[in-house]
Amino acid sequence: MTVGQSTHYNAIMSDLIFRFAPSPNGHLHLGHALSALVTRDMAQEAGGRLLLRIEDIDTERCRLEFETQILEDLEWLGLEWEKPVRRQSEHLPLYADYAARLGEMGLLYPCFASRKDIAAQAVQGKTDPDGAALYPNLHKDMPEEEVARRKKEGEPFALRLDMEKAIATAHVMSPAPLTFQELDRNMEVGETVLANPARWGDAVIARKNSTTSYHLSVVVDDALQSVTHVTRGRDLYAATDIHRLLQVLLGLPVPLYHHHELLMDEKGHKLSKRHGDKSLKSLRSEGATSRDIRQLAGIDRK
Ligand code: GLU
């Protein structure tokens, strides 16, 4: 099966499956409302199904109270989704199995470096598409004895993808160019995008405190849940490079993608929990209706 042809889902499939996949590490704000509503509207217009997935792999930052609030906010917005809701924290051993497959292919290596170590060694001006310092391959060639010693001493480590090797392996498995189909809001195929995972460097596949990372669990779950349409913000557009690479390496099907525009604040920054942007909960307590939210999120005009 060649990438770019039959692995892409298309409209003749009877079940079109969309998903909204929030992380319960804070309250939902208008940007999330936009994402949720775009996903629901597209699913509805296509006669497709809507899933909700709770991406709570980060056990330090995710909290049950946020999850409860997310469900309440989404119901208030008028979303209906299929039950049961998949919660990623309940599937951590499964992601470990997928990571192990990459490990058996010789594509992962342990990295003990802290953020501080990485920042100290980072090469000025070399950043990934998110603007973070590009990993300077610090522990890539660590001697086996040192790896064994550090592991024995219980030093925590992440698993990183040997990007060069991973790209070469994927190319052997599927020689066609690594691409994805970007749909516009009307579900027309807008463009075939060439994925460029190399620009991410040796990405983390399993975090120090987890069996997985966002990149790994998202591709595994989209495949296991037979998601045909991934709709999410433009901030995750470049991450699709890594997702496409993992899909080839793990033999997973390829959904279609729609990355919607982001909502910006007056200063031109994307809305975020961290910047204290107004939560849906507080907008609601100030009297906003779900119709107001559609307008504030720029979906409907006044
Ligand atoms: N969990 C991610 C987030 O809240 C979204 C993941 C996705 O849609 O692929 O930003």
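See the structure above.
Fair warning: this is a prediction, and the values are worked out from it, not measured in the lab.

Here we take up the site of the ligand. Close to the ligand lie Arg 19, Ala 21, Pro 22, Ser 23, Glu 55, Tyr 214, Val 218, Arg 232 and Leu 236, which account for all nearby residues. Within the side chain of Glu 55, an N or O atom sits 2.6 Å from a nitrogen atom of the ligand. When the ligand is considered free in solution it has 300 Å² of accessible area, and contact with the protein chains removes 79% of it. The residue inventory of the shell around the ligand, partitioned by class, reads five nonpolar, one polar and three charged.

With that settled, the discussion passes to helix H6 (residues 163–173). Along H6, the residues classified as buried are Met 163, Ala 166 and Ala 170. For H6, the angular spread of the buried residues around the axis is 60 degrees, confining them to a single face. Facing away from the buried surface of H6 by more than 90 degrees, the exposed residues are Glu 164 and Val 172. Those residues of H6 that are buried lie in contact with strand E5 (158–161) and helix H8 (240–250).

The next subject is the side chain of Thr 228. Examined against the element boundaries, Thr 228 turns out to sit in the loop between helix H7 (214–224) and strand E9 (229–233). A polar side-chain atom of Thr 228 sits 2.7 Å from the main-chain amide nitrogen of Ile 17. Separated by 2.8 Å, the side chains of Thr 228 and His 229 make a polar contact.

Quick look at the packing of aromatic side chains now. If you walk through the whole model with that rule in mind, you get three aromatic pairs. Relative to Tyr 237, the ring of Phe 180 has its centre 5.8 Å away and its plane inclined at 75 degrees; by these criteria the two rings are edge-to-face. In this pair, Phe 180 sits in strand E6 (residues 179–183) while Tyr 237 sits in the loop between E9 and H8, placing the two residues 57 residues apart along the sequence. When sorted by exposure, Phe 180 lands in the same class as Tyr 237, which is buried. Members of the aromatic cluster, each reached through a chain of ring pairs, are Phe 180, Tyr 237 and Tyr 257. Note that Arg 160 overlies the ring of Tyr 135, its terminal NZ or CZ placed 3.6 Å from the centroid. Over the aromatic face of Tyr 237 sits the side chain of Arg 234, whose NZ or CZ is 4.2 Å from the ring centroid.

A separate point is the sheet that holds E5. One open sheet holds the three strands; their spatial order is E4-E5-E8, and the pairing between them is antiparallel. Only two strands of the sheet have a single neighbouring strand rather than two, namely strand E4 (108–111) and strand E8 (204–206). Each strand axis lies, on average, 45 degrees off the axis of its neighbour in the sheet, ignoring direction. The pairing of E4 with E5 spans four bridges and is antiparallel. Of the residues in E5, the one forming a bridge with Tyr 109 is Arg 160.

Of note, the amide linkage connecting Lys 83 to Pro 84 takes the cis form, showing an omega dihedral of 0 degrees. Considering the arrangement of structural elements, one finds Pro 84 in the loop between helix H2 (64–77) and strand E3 (86–87). The phi angle at Asn 137 is positive, at roughly 55 degrees, despite the residue not being glycine. The residue Asn 137 is located in the loop between helix H4 (115–121) and helix H5 (144–152) in this model. Unlike most non-glycine residues, Ser 226 shows phi in positive territory, near 55 degrees. Here Ser 226 shows up in the loop between H7 and E9. The partly exposed category is assigned to Ser 226, whose relative accessible area is 36%.

Moving on, we get to the pattern of salt bridges. Throughout the structure, instances matching the rule amount to 26 salt bridges. Salt-bridge contacts for Glu 67 lead to Arg 87; the nearest nitrogen and oxygen are separated by 2.8 Å. Taken as a pair, Glu 67 in helix H2 and Arg 87 in strand E3 lie far apart in primary sequence, 20 residues in all. The exposure class assigned to Arg 87 is partly exposed, which follows from its relative accessible area of 21%. In the salt-bridge network here, residues are joined through shared partners; they are Arg 19, Arg 53, Glu 55, Arg 86, Asp 221 and Asp 222.

Cut-offs applied
- Residues numbered from 1 in each chain as written.
- Predicted model: local features only at pLDDT ≥ 70, side-chain atom pairs only at ≥ 80, totals over all residues.
- Heavy atoms only, no water.
- Near = heavy atom within 4 Å.
- Polar contact = N/O pair within 3.5 Å; in protein donor to acceptor, adjacent residues only side chain to side chain.
- Areas by Shrake-Rupley, 256 points an atom, 1.4 Å probe, with all protein chains shown as cover.
- Nonpolar A, V, L, I, M, F, W, Y, C, P; charged D, E, K, R; others polar.
- Buried < 20%, exposed > 50% of the residue type's maximum accessible area, 1.4 Å probe, protein only.
- Helix = DSSP H or I, 4+ residues; strand = E, 2+ residues; numbered from the N terminus.
- Arc of directions from axis to C-beta.
- Contact = heavy atoms within 4.5 Å.
- Phe/Tyr/Trp six-rings, centres within 6.5 Å; stacked < 30°, edge-to-face > 60°.
- Lys NZ or Arg CZ within 6 Å of the ring centre and 35° of its normal.
- Pairing = 2+ DSSP bridges.
- Axes fitted to C-alpha atoms, helices over the stretch in contact; angles between N-to-C directions.
- Salt bridge = Lys/Arg side-chain N within 4 Å of Asp/Glu carboxyl O.

Keep in mind these values describe shape, not function.
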